[in-house]
Structures are given as C-alpha cells and as structure tokens.
Amino acid sequence: MAEPINVVVSGAAGQIAYSLLYQLAAGTVFGQEQPINLRLLDIPPMMGILKGVVMELEDLALPLLNDILPTADPEAAFKDAAAVFLLGAMPRKEGMERKDLLAANVKIFKVQGEALDKFAKKDVKIVVVGNPANTNALICSHYAPSIPKENFTAMTRLDQNRAQALLASHLGVEVSNVTNVVIWGNHSSTQYPSTAYAKVKTNNSSKPVSEVIDDENWLNTEFVERIQKRGAAVIAARTMSSAMSAAKAAGDHMRDWWIGTKPGEFVSMGVTSDGSYGIPKDIIFSLPVTIKNKKYEIVQGLFISSFAQSKLDITAKELEEERAEANAVLKQ
Ligand code: NAI
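Owing to the predicted nature of the structure, the values given are computational and were not obtained by experimental measurement. (Residues numbered from 1 in each chain as written. Predicted model: local features only at pLDDT ≥ 70, side-chain atom pairs only at ≥ 80, totals over all residues. Heavy atoms only, no water.)

Mapped onto the elements of the fold, Lys110 is located in helix α4 (residues 98-119). Accessibility expressed as a relative area gives 33% for Lys110, which makes it partly exposed. Once the C-alpha coordinates of Lys110 and His142 are considered, the two residues, 32 residues apart in sequence, prove to be 8.1 Å apart. Setting aside its immediate chain neighbours within four residues, Lys110 contacts Ile139 and Tyr143. (Helix = DSSP H or I, 4+ residues; strand = E, 2+ residues; numbered from the N terminus. Buried < 20%, exposed > 50% of the residue type's maximum accessible area, 1.4 Å probe, protein only. Contact = heavy atoms within 4.5 Å.)

Turning our eyes to something else, we now look at helix α5 (residues 133-142). In terms of burial, α5 is largely enclosed, as nine of its ten residues are buried. For α5, the complete set of buried residues consists of Ala133, Asn134, Thr135, Asn136, Ala137, Leu138, Ile139, Cys140 and Ser141. Those residues of α5 hidden inside the fold are in contact with β4 (81-86), α4, β5 (125-128), β6 (152-154), β13 (284-292) and α12 (306-331).

In the neighbourhood of the ligand, 23 residues make up the surrounding shell, with Gln15, Ile16, Asp42, Asn131 and His187 lying closest. In this structure, an oxygen atom belonging to the ligand sits 2.9 Å away from a main-chain N or O atom of Gln15. Here a nitrogen atom of the ligand and a side-chain polar atom of Gln112 are 3.3 Å apart. When the ligand sits alone it has 870 Å² of accessible area, and the protein chains cover 82% of it. At the level of secondary structure, the elements contributing two or more residues to the shell around the ligand comprise α1 (15-26) and α4. Residues of the shell around the ligand, tallied by class, amount to twelve nonpolar, ten polar and one charged. (Near = heavy atom within 4 Å. Polar contact = N/O pair within 3.5 Å; in protein donor to acceptor, adjacent residues only side chain to side chain. Areas by Shrake-Rupley, 256 points an atom, 1.4 Å probe, with all protein chains shown as cover. Nonpolar A, V, L, I, M, F, W, Y, C, P; charged D, E, K, R; others polar.)

This structure, assessed with the given rule, holds six aromatic pairs. The interplanar angle of 85° and the centroid separation of 4.9 Å between the aromatic rings of Phe30 and Trp258 together place this pair among those described as edge-to-face. With Phe30 in the loop between α1 and β2 (36-41) and Trp258 in helix α11 (residues 244-259), the pair connects residues that are 228 residues apart, well separated along the chain. Accessibility expressed as a relative area gives 5% for Phe30, which makes it buried. Taking relative accessible area as the criterion, Trp258 reaches 14% and is therefore assigned buried. (Phe/Tyr/Trp six-rings, centres within 6.5 Å; stacked < 30°, edge-to-face > 60°.)

Of all hydrophobic cores here, the largest spans 78 residues; its most connected members are Val9, Leu24, Phe30, Leu38, Leu40, Phe85 and Trp184. With seven residues, the top contributor of residues to this core is α11. Both of domain 1 (5-154) and domain 2 (157-321) provide at least three residues apiece to this core. Beyond its immediate sequence surroundings of up to four residues, Phe30 is in contact with Ile5, Val7, Leu24, Ile36, Ala83, Phe85, Met254, Trp258 and Ile259. Of all hydrophobic cores here, the second largest spans 29 residues; its members include Leu116, Val124, Ala144 and Ala326. (Core = buried A, V, L, I, M, F, W, Y, C linked by side-chain atoms within 4.5 Å. Domains from an automatic or database assignment.)

Moving on: the UniProt feature "binding site: substrate" (unreviewed entry) in the chain. Within this numbering scheme, the UniProt entry marks Arg92, Arg98, Asn131 and Arg162 as carrying the feature "binding site: substrate" (unreviewed entry). With the annotated positions falling across 71 residues, the maximum pairwise C-alpha distance of 25.1 Å shows that they are not confined to a single cluster. Cross-referencing the annotated residues with the second largest pocket identifies Arg162 as lining it. The residue Arg92 is located in the loop between β4 and α4 in this model. Judged by relative accessible area, which is 53%, Arg92 ranks as exposed. Sequence-distant contacts of Arg92, that is, excluding residues within four places in its chain, are made with Glu97, Arg98 and Leu101. The exposure class of Arg162 is buried, given its relative accessible area of 12%. In this view, Arg162 contacts Ile227, Arg230, Gly231 and Ser242; residues no more than four positions away in its chain are not counted. (UniProt positions renumbered as here; feature names shortened; annotations may be inferred. 1 Å grid on protein atoms, 1.4 Å probe; cavity = no way out; pocket = protein on both sides within 12 Å on 5 of 7 lines; lining within 4 Å.)

Now the structure itself:
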C-alpha cells in the first residue's frame, strides 16, 4: 500500500463536501491503493457541524481513510497538501452585486493562496469549485507564486457531465457512449457547450454526433441554452444549488487529473489560458484537455466555426471583466 497523501476539502461542512467526502474515503478518486489523510477546512462557526461530519466519516469504517483533521486554520489544512478541493466560497446573497461577491472572494482566496504557497507540496493539484470558480482560481494562483500556474484549475466538469447526459438522452444512447463534449469558457451562463467534436458509440463503431442526429439545429439552440441554464433550473426546483452532481463532477475532475484520460478522449477543465484558440492569455478558461502522468495538455487544432468563435468571444470577454474587477479589488 502507498504512503497516505494529504487531501484538503474547504467548505467541508457544506453540501457539496457532504457528497464528495464519501467518494474520497471510498477510493473512487485516488484509487483503491491510495490511503488518504483528510484535511477538512471550514470557518470557525461551522466547527460544530464539521465535528458531526467527522463522526460520520469515522463511522464509514473505510480502510483507505487514514486520518482526519477538522480545522478553521488554512495553514494547518494545507500543510503538505497533495490534492485540494476548494469548495468554500462566499455565497451570493440577495441584493449583492457581482463586484461585492468578487471582493468577498478575493479575501478568501488570497488567504488560501498564501497558505498553499507556504505549506502545500509544490506539485499540489488544486480544483476550485466555489463560485465564481474561474476567477477564484486565478486569484488563488496569483497569491501562490511558488506553485506552477498549471496546478490551479476551475471545475467545469459538472457542465460537461450535464451536456453528455442531455445529449445521450436526446439520442437515446447510454451516457457512457457519448464522449468529447467540450465546455468552453467560464463556469457561468456564458459558457459554450459544444458538440462539434463529440463522438457517439453505436454498434461498436464511433461516429461524430453530426452523423447520428436528425435535428442538428437543436445542438446550437436548445441544447446550448439548457446546459447554460441547468444550474439555475436545479436551484429553482431544489431551492439549493446542485450538490450531489457537483460532488460527483469534482471527483471526476480530480480522478482524471490523477489517473489520466482514456486514449482518444478529452475532458474539460478550467485552466490557465496559454493563448490557444486566440483566447486571451492568463485567464482561467475551460478548455478540452488530455491527461497523462498527472499532467494535462490543451487539445490543439480543433476547428472553430464562426458561430463557435462568437460564443468563445462572449465568455472570454466576461472572464476578462471578472479579472479586471478582481484586479481592482486587489489594488485597494
Ligand atoms: P454550502 O453553502 O453548502 O457550503 C459552503 C461551505 O463553505 C460552508 O460550510 C461555509 O461555511 C464554507 N466556507 C465559507 N467561507 C469559507 C472559507 N473562507 N474557508 C473555508 N470554508 C468556507 O455550499 P455548497 O453547495 O457546498 O457549494 C459550495 C460552492 O460551490 C458555492 O460557491 C457554489 O456556488 C459552488 N458551486 C460550483 C459548481 C461548479 O460547477 N463549479 C456547482 C455547484 C456549486
């Protein structure tokens, strides 16, 4: 059995964490041979609730769970961290403007970035889930200059999973038979879910979606809109934001980063833009990636139609605006 690794979950008393922690303890993310030490970070008023979460984790009686530390101290949480899930963020309250939300999150992700910089392993893998996820990841990375930028990612895997599931259901195939759906841009309603490179397996052969769908127009209209608005639809129905599906997506994101993607398949992650596809550099933009030996590479050479380009421009503009707002707060 390998040595245990330190895995941090911030927002550990919250609803996404409640679903994610079981996956981590059960070995679905880091594998059945990898014991883990859980570092559970939340704010002081949540320590009582967190105590209950720790009791439940103990009661799981799972052999891969080596040690658990509940804490409100980022330094204690991030010490020797190998993998980090940043779920905790300031929620948007009624009447709060986007810039107020960003300002509150800048403070949280500054403290966490600085603690990561000082205490985490230099090859730590960080996925930011707390919204606005892409810009929070950018801020966090800014305050952790000793950790490579590529180690900071934002989660758009829930959007990818939603898109894959919707497409599979529309085509009447099993969800595992749909691959290579891409989420471009921000984890917000400006994201662009694209099926241009998606493949569908039918009778042991893999075909582009365009060859198996009758109503291609649906892909550029209703499909895009339903994925962009799915998060809001869940909130409207459940009166709380997606949690079980968000936790599953966070696990998928980290598992693929840790273990790698399957040959011929790519997944979407918010990563620091290197200028590929004409996207402005140094924003965290969701792009298709392949992963090998715990390193991801942005998939190159995909054809971008003028329709797709217009969608990419919209979401890139929003991310540039968020970056400008965050920078304005940082300068204060
Ligand atoms: P929640 O409100 O149930 O839990 C959030 C937890 O974070 C709370 O326990 C809170 O005390 C904690 N927290 C707040 N500030 C903190 C700090 N400075 N350090 C550590 N912990 C802190 O929220 P939930 O449902 O678990 O969602 C978490 C975040 O994930 C939200 O920002 C939500 O908008 C976002 N989200 C992102 C998705 C994505 O696809 N990227 C999908 C769904 C939710």
